[in-house]
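# Fold and geometry: a report
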Amino acid sequence: MTTGADGHGRAGAARGFPLAAVRGLALAPVSLPGAVVCFVTAVVSIGLIPVGVGIVTTPYVLKGVRAFADLRRVLAAEWAGVRIPRVYRPLPKDANPWGRTFGMLGDPATWRDLLWLLVDMTAGFATAVLTAALLLYPLEGIAVAAGLWRVLPDPWWYGFVPVSGQATAPAAGALALALLLVARFTAVRVLRAHFLLARAVLAPGGSELAERVRVLTETRRDAVDASAAELRRIERDLHDGAQARLVAVGMDLGTVEALVERDPARARELLARARQSSAEALTELRELVRGIHPPVLAERGLGDAVRALALRLPVATEVNVSLPGRAEAPVESAAYFAVSEVLANAVKHSGADRIWVDVHHAEGRLRGTVTDNGRGGAVVGSGSGLAGVERRLGTFDGVLAVSSPAGGPTLVTVEIPCALS
């Protein structure tokens, strides 16, 4: 087997096993307490619905559960190349607490989330701990063989080896090296199994095709609505801006014709005003065109367009782009405006003083990640800019994942399936 793009072949497993162990060690204290807190809170809140309290609390609790699941989706994609689809039914923008509560409870994805919490606090926790133990336990054996046995109870059992002196210590070291060799080729796979387990529970099951049809229907409707809204915006901007200025220019030029012989001074004044109005109309037309499709995006591609966008931000922004080619123009446009909206949200609402942007293409997907060190708390909900980004991406079968715990940092990942030319 050769090493794939995601680095999960034998060579990738060998190279990445210390990092996989560290990641497993980081996941373990998140899986168990995080899943327990989310599950217990959700069950209690749902149980309080008959007395009325749960009607108010349940939507917020389930949003927290979804945020916890979204964090795992982001880590699954970033750490193991495992993509877990995020398929939640949208809620009406004007839904009352009753409608939000039962809308979320009527969503099969909500119950998959709750089932996943049970799995995450058991098998998920076990696989995370095992990933870390595959490295930590051999290191313990090496330390015991190196002399740690002297301060340990006699005998100290390392695996099936009783270490009671210098004569038996090398046996513990040999066992540790053997276990380290096993870990070298299994730690990455065990970590990947952790995320595959999450995907098996969180991803839609037998009704996936029907769910897919429903999502495509909704995204097509959203795309039509978005296109109509964009057309109305363009018409309004042209009517109220450039068109009005050009009409004024025409009127001024008509007056100049009448005054050029009998009042040259007044004619020159009107000509100067007409020139100024035409320049302003040209500026507005350029801004309008830039809002539709930035020239730098068309001429130089997504990477340079994102860099140019970052230069205009009032927050220090670091951009890393790795794109060996260009995607189709509609995909580039969707990715650009998605990153632009995420950056705008970070500047306006996060309170961050630093932002990191990473754009790259791997495994047939264009991925953009925006991270900020702000206060966190970003959610994908009706009426938010992120909801619009999610709808735009859905048109291209793309996904949006948000991890934004209270206190930050916020990590927003955008993915669109595409090929580069």
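Residues numbered from 1 in each chain as written. Predicted model: local features only at pLDDT ≥ 70, side-chain atom pairs only at ≥ 80, totals over all residues. Heavy atoms only, no water.

### Topic: the packing of aromatic side chains
- The final tally for this structure, using the stated rule, is 3 aromatic pairs.
- Considering the side-chain rings of tyrosine 336 and phenylalanine 337, the 5.2 Å spacing of their centres and the 80° angle between planes classify their relative orientation as edge-to-face. (Phe/Tyr/Trp six-rings, centres within 6.5 Å; stacked < 30°, edge-to-face > 60°.)

### So, the sheet that holds strand β5 (residues 365–372)
- Taking strand neighbours across the sheet as the criterion, the 5 strands line up as β3-β4-β5-β7-β6 in an open arrangement whose pairing is mixed. Whereas interior strands pair on both sides, the edge strands pair on one side only; in this sheet they are β3 (316–322) and β6 (399–403). Neighbour-to-neighbour, the strand axes of the sheet open up by a mean angle of 10°, direction not taken into account.
- The sheet contact formed by β5 and strand β7 (residues 410–417) spans 8 bridges and is antiparallel. Directly across from threonine 369, in β7, lies its bridge partner threonine 413.
- Against the sheet, helix α9 (residues 302–311) makes contact with β3, β4 (354–362) and β5, and its axis sits at roughly 175° relative to β3, the strand it touches most.
- Strand contacts of helix α10 (residues 329–350): β4, β5 and β7, with the helix running at about 10° to β5, the strand carrying the most contacts. (Pairing = 2+ DSSP bridges. Helix = DSSP H or I, 4+ residues; strand = E, 2+ residues; numbered from the N terminus. Axes fitted to C-alpha atoms, helices over the stretch in contact; angles between N-to-C directions. Contact = heavy atoms within 4.5 Å.)

### Concerning the side chain of serine 45
- Within the fold, serine 45 resides in helix α1 (residues 10–47).
- Its relative accessible area of 4% is what places serine 45 among the buried residues.
- Once you skip the residues sitting within four places of it in the chain, serine 45 turns out to touch Gly54, Thr57, Thr58 and Val61. (Buried < 20%, exposed > 50% of the residue type's maximum accessible area, 1.4 Å probe, protein only.)

### Considering the packing of α9 against α10
- α10 packs onto α9 with a crossing angle of 20° between their chain directions and a minimal axis gap of 10 Å. With respect to α10, the element α9 is oriented roughly parallel. In terms of crossing hand, the pair formed by α9 and α10 is right-handed. Residues Leu302, Ala305, Val306 and Leu309 of α9 pack against Glu332, Ala335, Tyr336, Val339, Ser340 and Leu343 of α10.
- Classifying every residue of the contact of α9 with α10 gives 8 nonpolar, 1 polar and 1 charged. (Parallel < 35°, antiparallel > 145°, perpendicular 65-115°, else oblique. Left-handed = near helix turned anticlockwise from the far one by under 90°. Nonpolar A, V, L, I, M, F, W, Y, C, P; charged D, E, K, R; others polar.)

### Regarding the pairing of β3
- One ladder, built from 7 bridges, connects β3 with β4; its direction is parallel. When the sheet's bridge partners are listed, valine 319 is paired in β4 with valine 357.
- The parallel pair β3 and β4 is bridged by α10, and the resulting crossover is left-handed. (Right-handed = clockwise from strand over helix to strand, strands pointing away.)

### A look at the confidence of the model for the chain
- Summing up the model confidence of the chain, the mean pLDDT is 79 and the portion of residues at 70 or higher is 82%.
- Helix α2 (residues 53–80) holds the highest mean pLDDT among the elements of the chain, 90, whereas helix α6 (residues 208–259) holds the lowest, 64.
- Low pLDDT, under 50, characterises residues 1–14; the stretch is placed with 29 contacts to residues that sit more than four places away or in other chains. (pLDDT = per-residue confidence, 0-100.)

### With respect to the nonpolar core
- Counting residues in each nonpolar core, the largest one holds 41 residues, and the members touching the most others are Trp116, Leu117 and Phe195.
- Sorting the residues of this core by element identifies α1, α2, α3 (97–105), α4 (108–146) and α5 (169–202) as the ones contributing at least two each.
- With residues up to four places along the chain from it excluded, the contact list for phenylalanine 195 reads Leu27, Arg72, Leu75, Ala76, Trp79, Ala80, Val82 and Ile84.
- Residues Val306, Val342, Val370 and Val414 belong to the second largest nonpolar core, which totals 33 residues. (Core = buried A, V, L, I, M, F, W, Y, C linked by side-chain atoms within 4.5 Å.)

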